[in-house]
Amino acid sequence: MLSQLRDLDLQLLRLFVTVGESGGFSAAQGELGIGQSTISTQMAKLETRLGFRLCERGKAGFRLTPKGEQVLAATRKLFAAIETFKGEAQGMADKLLGELRIGLSEALSDEVIERIGKAVGRFRQRNQAVQIELLSAMPAELERRLLQDQLQLAIGYFSGSQTALDYQPLFEERQRLYCGSQHPLFARQTLSADDLQDCDRVVHPYRFIAADEPWQGGSSSARCEQVEGSLAFILSGAHLGYLPEHIAQPWVNRGGLRALPGTWDFTVQFRLASHRGHPPSEAQKAFSEDLLDAFSTC
């Protein structure tokens, strides 16, 4: 009885299909490239493995038994399924599969969003069937999610101090010091550090970049984690604070904000972060390549 299917069984079954479709041992010789005695020996082995006769051969000629007819039909289905599996397996070998969860810092510029879209477009041109999820969060939250395996990749301005994470530079963002139209310094053409000493600044407790800010300020009664909150504080006319240039520019154009003159500007390095302790999937490696390429001209 054939309780387990072995490689030898598949070889014997292929021989049987050729014999059955050729109409006999003699007719199958040319196709198989072996003699009738060898074919007879191989068929006998298969019948022993199965536990029943597959064909009758003698003076009356060659014919399949009823069970032989059923085995022939079943074997054709088996080999068709094997060919389907081989085709699908080959397709999977060259195809990117799985899921990608990617975190983005909030309030990215239109140009940055466009480049991320370009990377997604390039990735979709690959041979892939990958589910991609994009979510926005604060940089510290993105790092936390990377460490907890809730994300595979994240784009943001990170501390770079997480030894478990790998950071690759993507682009820089310019930050400027702004005041609102109601602030006493709004119309001033020149400013010194002394002029800013008593000003109330907006503090960003989530920021890893605070140490790089040229103006630290002496006091603060305003704290927020989101750019929108910083913008509201600065528009009030009671506070000074740093904003990404692309966020402030529409308000500058309306006359509601002004970048303070002087050497108060600085740049923030945005990076692509991933967990260095987890081998990246083929999909993650491919998307990282497309992302780095999209930002290579920044």
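Located above this text is the structure these notes cover.
Residues numbered from 1 in each chain as written. Predicted model: local features only at pLDDT ≥ 70, side-chain atom pairs only at ≥ 80, totals over all residues. Heavy atoms only, no water.

> With reference to specific residues and values, describe the overall build of the protein chain.
What the protein chain contains, in helices and strands, is 10 helices and 11 strands. For the protein chain, the C-alpha radius of gyration of 36 Å lies well beyond 19 Å, the compact-globule estimate for 298 residues. Overall size of the protein chain, expressed as C-alpha extent along the three principal axes, is 115 × 30 × 25 Å. Relative to its 298 residues, the protein chain shows a buried fraction of 41%. In the protein chain, 68% of the contacts between residues at least 6 apart in sequence involve partners at least 24 apart. Taken as a whole, the protein chain presents about 15900 Å² of accessible surface, with 49% of it coming from carbon and sulfur. For the protein chain, the distance from the average position of its 32 positive side-chain charges to the average position of its 36 negative side-chain charges is 11 Å. (Helix = DSSP H or I, 4+ residues; strand = E, 2+ residues; numbered from the N terminus. Rg over C-alpha atoms; globule rule 2.2 N^0.38 Å. Buried < 20%, exposed > 50% of the residue type's maximum accessible area, 1.4 Å probe, protein only. Contact = heavy atoms within 4.5 Å. Areas by Shrake-Rupley, 256 points an atom, 1.4 Å probe, with all protein chains shown as cover. Lys, Arg positive; Asp, Glu negative; His and termini not counted. Charge placed at Lys NZ, Arg CZ, Asp CG, Glu CD.)

> Which residues make up the side chain of S105, and what values go with them?
For S105, the position within the fold is in strand β3 (residues 96-105). You can call S105 buried: its relative accessible area is 2%. When neighbours within four sequence positions are excluded, S105 is seen to be in contact with A137, P139, L142, I155, G156, Y157 and F270.

> Mind laying out the packing of helix α5 (residues 110-124) against helix α10 (residues 282-294), listing which residues take part and the relevant values?
Viewed as axis vectors pointing N to C, α5 and α10 meet at an angle of 135°, and their least axial separation amounts to 8 Å. It follows from the interaxial angle that α5 and α10 lie oblique. In this structure, α5 meets α10 at a crossing whose hand is right-handed. Here R115, I116, A119, V120, R122 and F123 of α5 lie close against α10, whose contacting residues are A283, A286, F287, D290, L291, D293 and A294. When its residues are assigned to classes, the contact of α5 with α10 shows 9 nonpolar, no polar and 4 charged. (Axes fitted to C-alpha atoms, helices over the stretch in contact; angles between N-to-C directions. Parallel < 35°, antiparallel > 145°, perpendicular 65-115°, else oblique. Left-handed = near helix turned anticlockwise from the far one by under 90°. Nonpolar A, V, L, I, M, F, W, Y, C, P; charged D, E, K, R; others polar.)

> Mind laying out the packing of aromatic side chains, listing which residues take part and the relevant values?
Each aromatic ring pair is characterised by the separation of its centres together with the angle its planes make. Per the stated rule, a full pass over the model turns up 7 aromatic pairs. Taking 4.6 Å as the distance between ring centres and 15° as the angle between the ring planes, the aromatic pair formed by F171 and F270 counts as stacked. Residue F171 is located in strand β6 (residues 165-180), and its partner F270 is located in strand β11 (residues 266-275); the two are separated by 99 residues in the primary sequence. Consider the rings of F171 and F295, whose centres lie 5.2 Å apart with planes at 15°: the pair is stacked. Residue F171 is located in strand β6, and its partner F295 is located in the segment after α10; the two are separated by 124 residues in the primary sequence. Accessibility assignment for this pair places F171 and F295 in one class, buried. Put simply, the rings of Y157, F171, F270 and F295 pair up and form one aromatic cluster. Between the NZ or CZ atom of R14 and the centre of the ring of F79, over which it lies, the distance is 4.1 Å. Note that R254 overlies the ring of W251, its terminal NZ or CZ placed 4.3 Å from the centroid. (Phe/Tyr/Trp six-rings, centres within 6.5 Å; stacked < 30°, edge-to-face > 60°. Lys NZ or Arg CZ within 6 Å of the ring centre and 35° of its normal.)

> Go over the environment of D166 with me, naming the residues and quoting the values.
Assignment of secondary structure puts D166 in strand β6. The exposure class of D166 is partly exposed, given its relative accessible area of 25%. Separated by 109 residues in the primary sequence, D166 and H275 have C-alpha atoms spaced 6.0 Å apart. Not counting residues within four places of it along the chain, the set of residues in contact with D166 comprises L272, A273, S274 and R276.

> A description of the environment of Q11 should follow, citing residues and the corresponding values.
Within the fold, Q11 resides in helix α1 (residues 7-22). Looking at Q11, the relative accessible area reads 53%, which means it is exposed. Separated by 186 residues in the primary sequence, Q11 and Q197 have C-alpha atoms spaced 88 Å apart.

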